[in-house]
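In case you want the letters, here they are:
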Amino acid sequence: MNTREMVENIKEEESKKSLNFIEIIVEEDLKEGKNEGRIQTRFPPEPNGYLHIGHAKAICLDFGIAQNYGGICNLRFDDTNPVKEDVEYVDSIQEDIQWLGFQWKNIYYASDYFQQLWDLAVRFIKEGKAYVDEQSAEDIAKQKGTPTLPGTNSPYRDRSVEENLQLFEKMSAGEIAEGAMVLRAKIDMASSNMHFRDPIMYRIITSHPHHRTGYKWKVYPMYDYAHGQSDYFEGVTHSLCTLEFEVHRPLYNWFIEQFATGNYAPHQTEFNRLNITYMVMSKRKMLRLVQDGLVRGWDDPRMPTICGLRRRGYTPESIHKFIGKIGYTKFDGIIDISLLEHSVREDLNEKAIRVSAVLDPVKLVITNYPEGEFEMMEAVNNPEDDSMGMRQIPFAKELYIEREDFMEDAPKKYFRMTPGQEVRLKSAYIVKCTGCKKDENGNILEVYAEYDPETKSGMPESNRKVKGTIHWVTVQHALPAEVRLYDRLFSIENPGDEKEKDFTELLNPGSLKVITAYVEPWLKGAKTLQNFQFQRIGYFNVDPDSTPDKLVFNRTVALKDSWAKEIKK
RNA sequence: UGUCUCAUGGUGUAAUGGUAGCACUACAGUUUUUGGUACUGUCUGUCUAGGUUCGAAUCCUGGUGAGACAACCA
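It should be emphasised that the depicted structure is a prediction, and the values quoted were computed from it without experimental measurement.

Conventions adopted
- Residues numbered from 1 in each chain as written.
- Chains lettered and ligands numbered in written order.
- Predicted model: local features only at pLDDT ≥ 70, side-chain atom pairs only at ≥ 80, totals over all residues.
- Heavy atoms only, no water.
- Helix = DSSP H or I, 4+ residues; strand = E, 2+ residues; numbered from the N terminus.
- Buried < 20%, exposed > 50% of the residue type's maximum accessible area, 1.4 Å probe, protein only.
- Contact = heavy atoms within 4.5 Å.
- Areas by Shrake-Rupley, 256 points an atom, 1.4 Å probe, with all protein chains shown as cover.
- Lys, Arg positive; Asp, Glu negative; His and termini not counted.
- Charge placed at Lys NZ, Arg CZ, Asp CG, Glu CD.
- Polar contact = N/O pair within 3.5 Å; in protein donor to acceptor, adjacent residues only side chain to side chain.
- pLDDT = per-residue confidence, 0-100.
- Pairing = 2+ DSSP bridges.
- Axes fitted to C-alpha atoms, helices over the stretch in contact; angles between N-to-C directions.
- Patch = residues over 30% accessible without salt bridge, like charges linked within 9 Å, V, L, I, M, F, W, Y side chains within 5 Å.
- Salt bridge = Lys/Arg side-chain N within 4 Å of Asp/Glu carboxyl O.
- Parallel < 35°, antiparallel > 145°, perpendicular 65-115°, else oblique.
- Left-handed = near helix turned anticlockwise from the far one by under 90°.
- Nonpolar A, V, L, I, M, F, W, Y, C, P; charged D, E, K, R; others polar.

## Here's the deal with the overall build of chain A
A tally of regular secondary structure across chain A gives 14 helices and 25 strands. Dimensions along the principal axes, computed over C-alpha positions, put chain A at roughly 100 × 65 × 45 Å. Of all 569 residues assigned to chain A, the portion counted as buried reaches 50%. Excluding contacts between residues fewer than 6 apart, the proportion of contacts in chain A whose partners are at least 24 apart in sequence is 71%. Approximately 27,000 Å² of chain A is accessible, and the part contributed by carbon and sulfur atoms is 49%. In chain A, 74 positive and 89 negative side-chain charges are present, and the distance between their average locations comes to 2 Å.

Set out below in structure tokens:
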């Protein structure tokens, strides 16, 4: 293929790649010359919890759009509610975004705009578009009506501008008790959109310090008021958020229209939020898992948090692959978890060193192998990638093999160790099983086999066709390691029951099993969070809990396993 | 008996009036120093009834179904 053809191919590939509906909107805006061809997005988390896989979807979009269309993406903390927020979360959010491989242009805080927002609120009051209400929260809720019934006006709705101004000043000065007054926008209590029924713009919070401004402010702006204005202040062109904010959009626009001048206005577009089968993904529930001690922390490998996934062994690339597969639409669906698991396998298959680890050991004695001797075998690190090289592993007379790799009376389709059958010991010799020793209850104590010295891996005779290959470690050299078998991410068995019952009752109870396994001796020096594939078992990484004396592995995900069914037949 | 939004195989997603395609799952086969990986194949789809059009998944109308909205949360 010549260069021109290659270029044509690439062009063709590019044109085949279909755009999602948001990219189409962006391209159209660009074509129409909106905002002078400027593209600006933001990722606006509230620092009240750790980022999870659902945020990764938003992050990939916010940062991705900016990257692909020559725009910028800022990180903005939506920190307008000091009751729930903390610097701990501010730090973890930054770490996780960077771990995913994204870098914001600027870092902003909604709290940076408190003065600006307050001044603007005063302007709203002066223009008769806002008023101070001193009813209780219950009364305000009652007057709000229901989605099918219009609301009624507050008795304080028609205060004079002067009085409103005075009261708002008092609220802001800390002279009014928390909950006693709020500032509301004066819109339409009969609107068919609940959010237009005089939404609250400011509430008093004096009981909690703000993580950045301390006790300086006594009143804090609400989301609907603060978010759109912040977007406007920053020059955001595309404000991307999830579907549940769809009904907020008219209000988002209304607030901006009240004061915006010129041609520029940010535009909100909503996409479907990420749902994965069985996965617990609400911040509230995740907080409970942490607080109730059901997990070891936000980075517990069963958590769907970014840091949990990282500790579990997920790579940033695997998460990108996953997000790339699910797409952005307006359809509120639920992704099968197998797509996520496939994405990690796909990535780790190319990166993880293959390692022998015996999880449920039974002793195999090579009866014709010299006593007390051992030799080093060369093992391929990764058959998918020669550049990952080879490693040396010891071989000796006494080995551990997987208990399930021996069957005394085997069915036809069983290709592993059974008396009279040849099997290959991975990277070593072909051996022929000769029998086993059992206790009085029929439990297998030892398995016996004879090796063929001509079949050492790499020698011509080793090319002999043998149906089965099994993994092994030597009794003498093998390293015991703690292996944490995480079934799945923390999951609920039956999401349908969620509303009826306490969700902690619905959690998958068997999601963590800790066992001791025997691994290749060189793993003692393995680095934390490094990924391995344990032959035929799954992908594992070295947990940060490991010490020089004790290796700890987490199972990232099991290998796709089709042979259990084969044997049944 | 409100407003907004959505509806393509089991799941997710393309086709932007012109051949319904891709991925996951499931199943079958080929290769293989692990039955993994890789490759090949099979099954399965436009919610419904009308209309516009030479032609509709796509546009229009009516049904049906699903989700969001009634926090001093974001």
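## Some remarks on the side chain of threonine 237
Following the sequence through the fold, threonine 237 ends up in the loop between α8 (223–234) and β8 (238–242). There is a polar contact of 2.9 Å between the side chain of threonine 237 and the side chain of histidine 238. The contacts of threonine 237, once residues within four sequence positions are left out, are Asn35, Arg38, Ile39, Gln40, Pro266 and His267.

## Examining the confidence of the model for chain A
Residues of chain A with pLDDT of at least 70 account for 92%, and the chain-wide mean is 92. Low confidence marks residues 1–15, where pLDDT is under 50. Its contacts with residues over four positions away, or in another chain, come to 2 contacts. Model confidence for the complex is summarised by a pTM of 0.93, with the ipTM given as 0.96.

## Brief notes about the sheet that holds strand β2 (residues 72–77)
With parallel pairing, the 3 strands of this open sheet are ordered in space as β1-β2-β3. Looking along the sheet, the strands with just one partner apiece sit at the ends: β1 (40–43) and β3 (107–109). Across this sheet, the average inter-strand angle for adjacent strands is 35 degrees, counted without regard to direction.

## Comments concerning a negative patch on the surface
On the surface, Asp86, Glu88, Asp91 and Glu95 cluster together to form a negatively charged patch. Residue position: aspartate 86 is located in the loop between β2 and α4 (87–99). Exposure remark for aspartate 86: the relative accessible area of 34% places this residue in the partly exposed category.

## Re the pattern of salt bridges
Across all of its chains, the model carries 45 salt bridges by this definition. For lysine 34, the salt bridge identified is with aspartate 29, shortest N-O distance 3.3 Å. Linking glutamate 404 and arginine 536 is a salt bridge whose minimum nitrogen-to-oxygen distance equals 3.2 Å. Remark: arginine 536 occurs in the loop between β23 (531–534) and β24 (538–542) and glutamate 404 occurs in the loop between β15 (398–402) and β16 (422–425); sequence separation between them is 132 residues. Using a relative accessible area of 24% as the deciding quantity, one classes arginine 536 as partly exposed. A single salt-bridge network, built from bridges that share partners, covers Arg296, Asp299, Arg311, Glu482, Arg484, Asp543, Asp545 and Lys550.

## Some thoughts on the packing of helix α12 (residues 316–326) against helix α13 (residues 337–351)
Put simply, α12 and α13 touch, their axes get as near as 8 Å, and they point 135 degrees apart. With respect to α13, the axis of α12 lies oblique. As for the relative orientation of α12 and α13, their crossing is right-handed in sense. The residues of α13 that touch α12, namely those facing Glu317, Ser318, Lys321, Phe322, Lys325 and Ile326, are Leu339, Leu340, His342, Ser343, Val344, Glu346, Asp347 and Lys351. Here the residues of the contact of α12 with α13 sort into 5 nonpolar, 3 polar and 6 charged.

## Looking at unusual backbone geometry
Its identity as a non-glycine residue notwithstanding, aspartate 198 has a phi of 50 degrees, on the positive side. Within the fold, aspartate 198 resides in the loop between β5 (182–185) and β6 (200–204). On the basis of relative accessible area, aspartate 198 is assigned to the buried category, the value being 0%.

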